[in-house]
Amino acid sequence: MDLSLDLGGASVVFVQDLVLSLPGAVLFPDAPDLAATVFDLPVGSHGVASGGRRILVDAGVGEGKPRPRRPDWHERRGTGFLERLTAAGFGPEAVDTVVLTHLHADHVGWATVWD
């Protein structure tokens, strides 16, 4: 799911890296009526283009990272994320600034790339 939005001269695009499926009991522990509901949460990056600058907000999960406690993220490959990001105009060479909202693994993964 890639989405775009124009906001008064700024263009914002979301490029999805993956979808986290989390049970309601984890997200809303005080709401027993939601405990059995599964919520799909998209993870990826927001690109902001404004005034000739390109800003990337957060950097998804990434590829090739050792994450043995998360088997679905461990050493993942072939996601096509960088290709989708580039097609949206926010490939690594096009970005002026990267903003990481916080340092969880699902926000910093593409901030580094291992060869």
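Up top is the structure.
Everything numeric in this text was worked out from a predicted model, so none of it was measured.

A.B. asks: Would you mind showing me how to read the pattern of salt bridges here?
C.D. replies: Any two side chains of opposite charge can pair, so long as their charged atoms come close to each other. Counting across every chain of the model gives three salt bridges. Aspartate 17 is paired through a salt bridge with arginine 76; the nearest N and O atoms lie 3.1 Å apart. One end of the pair, aspartate 17, is in strand 2 (residues 10–23); the other, arginine 76, is in the loop between strand 4 (53–57) and helix 2 (81–87), and 59 residues separate them in sequence. Aspartate 17 gets classed as buried once you look at its relative accessible area, which sits at 6%. Using a relative accessible area of 12% as the deciding quantity, one classes arginine 76 as buried. Close ionic contact of aspartate 72 with arginine 70 constitutes a salt bridge, the shortest N to O distance being 3.5 Å. Judged by relative accessible area, aspartate 72 falls into the exposed class, the value being 51%. Judged by its relative accessible area of 32%, arginine 70 falls in the partly exposed class.

What counts as what
Every residue gets a number counted from 1 within its own chain, in the order that chain's sequence is written. Under the rules for a predicted model, residues below a pLDDT of 70 receive no local features and side-chain atom pairs below 80 are neither given nor counted, while totals for whole chains, interfaces and linings still include all residues. With hydrogens and water excluded, all non-hydrogen atoms of the structure serve as input to the side-chain values. Any Lys or Arg side-chain nitrogen found within 4 Å of a carboxyl oxygen on Asp or Glu counts as a salt bridge. A helix here means a DSSP run of H or I that spans at least four residues, while a strand means a run of E at least two residues long, and both kinds are numbered starting from the N terminus. Each residue gets one of three labels from its accessible area relative to the maximum for its type: buried under 20%, exposed over 50%, partly exposed in between, using a 1.4 Å probe on protein chains only.

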